[in-house]
Amino acid sequence: MHVLALIPKKYYLYGLAALIIFLVVLVMGIFTAFFEDTGDINTEYGTIFNPDGINIGTIPLSPLVESYRDDVFREAKANGIEQYTDLILAKMMQESGGKGNDPMQASESLCGYIGCIKSQKASITQGVKYFKQVMDQAGHDVLLGLQAYNFGSGFIGYAKEHNNGKYSKELAIKFSQMMYSKLAHTGL
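Residues numbered from 1 in each chain as written. Predicted model: local features only at pLDDT ≥ 70, side-chain atom pairs only at ≥ 80, totals over all residues. Heavy atoms only, no water.

Engineer: I tried to follow a nonpolar patch on the surface on my own but got confused; where do I start?
Structural biologist: There is a patch of nonpolar side chains on the surface, built from L13, L16, L19, I20, F22, L23, V24, L26 and M28 and spanning about 880 Å² of accessible area. As for its position among the elements, L19 is in helix 1 (residues 9-35). (Patch = residues over 30% accessible without salt bridge, like charges linked within 9 Å, V, L, I, M, F, W, Y side chains within 5 Å. Areas by Shrake-Rupley, 256 points an atom, 1.4 Å probe, with all protein chains shown as cover. Salt bridge = Lys/Arg side-chain N within 4 Å of Asp/Glu carboxyl O. Helix = DSSP H or I, 4+ residues; strand = E, 2+ residues; numbered from the N terminus.)

Encoded structure:
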């Protein structure tokens, strides 16, 4: 007599049920891994857009950056981009934390070198104006516009030429490496 014949039939049914449950969980896991939504992310600070699965984090604005909200809103409204007030404040947070005479780090967009802006008001005026310019050139693609704010509007043309006008981290790295190789010998 075979050893399996000694096992009661009810244990076969339990084993079959366990196997079915295991397979259902496995299929659900595979389905979730392949079709997981990487779109909007809800956080305690609101909803942020997460295109292409790019890792986006949130931190609250510092009190210093928040103190510029009215000025940023006023300039943004004057430039017709008040819907970007929070994004501009986030940009300021990333650029300087609101510190210094040029909290928008906008000197280079005004005069071509660091340090020509000497007041927070002038920085906000120029920073918002430049932000509008790059966002318009980027077709209001937020990721492309934000990167162009840092790299200069030449990045937008580069993205159009090399990636159908879309931002990617890899494209930003390639552009940065290209610009570095062009300027390394100048000391800039």
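So that's the structure; there's more coming.
Engineer: Is there a simple way to explain the state of the cysteines in this structure?
Structural biologist: Among covalent bonds in proteins, the disulfide is the one between the sulfur atoms of two cysteines. By the definition in use, this model includes 1 disulfide. Covalent S-S linkage joins C111 and C116, the inter-sulfur distance amounting to 1.9 Å. Between C111 and C116, the S-S torsion sits near -110°, and that sign places the bridge as left-handed. Its relative accessible area of 30% is what places C111 among the partly exposed residues. (Disulfide = S-S within 2.5 Å. Buried < 20%, exposed > 50% of the residue type's maximum accessible area, 1.4 Å probe, protein only.)

Engineer: I would appreciate a short explanation of helix 7 (residues 142-151) in the present structure.
Structural biologist: Every α-helix winds through 3.6 residues per turn, so residues three or four apart in the chain are directed the same way. For helix 7, every residue scored as buried is listed here: L144, G145, L146, Q147, A148 and Y149. With a side-chain oxygen lying 3.2 Å from the backbone nitrogen of L143, the N-terminal cap of helix 7 falls on D141. Among the residues trailing helix 7, G152 stands out with phi positive, at a value near 100°. (Polar contact = N/O pair within 3.5 Å; in protein donor to acceptor, adjacent residues only side chain to side chain.)

Engineer: Even after reading the chapter, I still don't get the nonpolar core, so can you show me in this structure?
Structural biologist: Generally speaking, a soluble globular protein has its nonpolar side chains buried in company with each other. Counting residues in each nonpolar core, the largest one holds 31 residues, and the members touching the most others are I88, F131 and F155. Residue assignment for this core shows that the elements contributing at least two residues are helix 3 (69-78), helix 4 (85-95), helix 6 (120-137), helix 7, helix 8 (154-163) and helix 9 (169-183). With 6 residues, helix 6 is the largest single contributor of residues to this core. Leaving out residues up to four positions away in the same chain, F131 has contacts with I81, Y84, L87, I88, L146 and Y149. (Core = buried A, V, L, I, M, F, W, Y, C linked by side-chain atoms within 4.5 Å. Contact = heavy atoms within 4.5 Å.)

Engineer: Looking at this structure, I do not really get helix 4. What am I missing?
Structural biologist: Residues of helix 4 that are buried: T85, I88, L89, K91 and M92. Buried residues along helix 4 cover an arc of 155° about the axis, so they all sit on one side. Two residues or fewer after helix 4 comes G97, characterised by a positive phi angle close to 70°. (Arc of directions from axis to C-beta.)

Engineer: Whenever I open this one, the packing of aromatic side chains confuses me. Can you help?
Structural biologist: Both the distance between ring centres and the angle between the ring planes are used here to describe each pair of aromatic rings. Under the definition given, this model contains 7 aromatic pairs. A centroid spacing of 5.5 Å and a plane angle of 80° characterise the contact between F151 and F155, whose relative ring orientation is edge-to-face. F151 sits in the partly exposed class, given a relative accessible area of 30%. A relative accessible area of 0% means that F155 is categorised as buried. Within the aromatic cluster, the residues linked to one another by ring pairs are Y84, Y130, F131 and Y149. (Phe/Tyr/Trp six-rings, centres within 6.5 Å; stacked < 30°, edge-to-face > 60°.)

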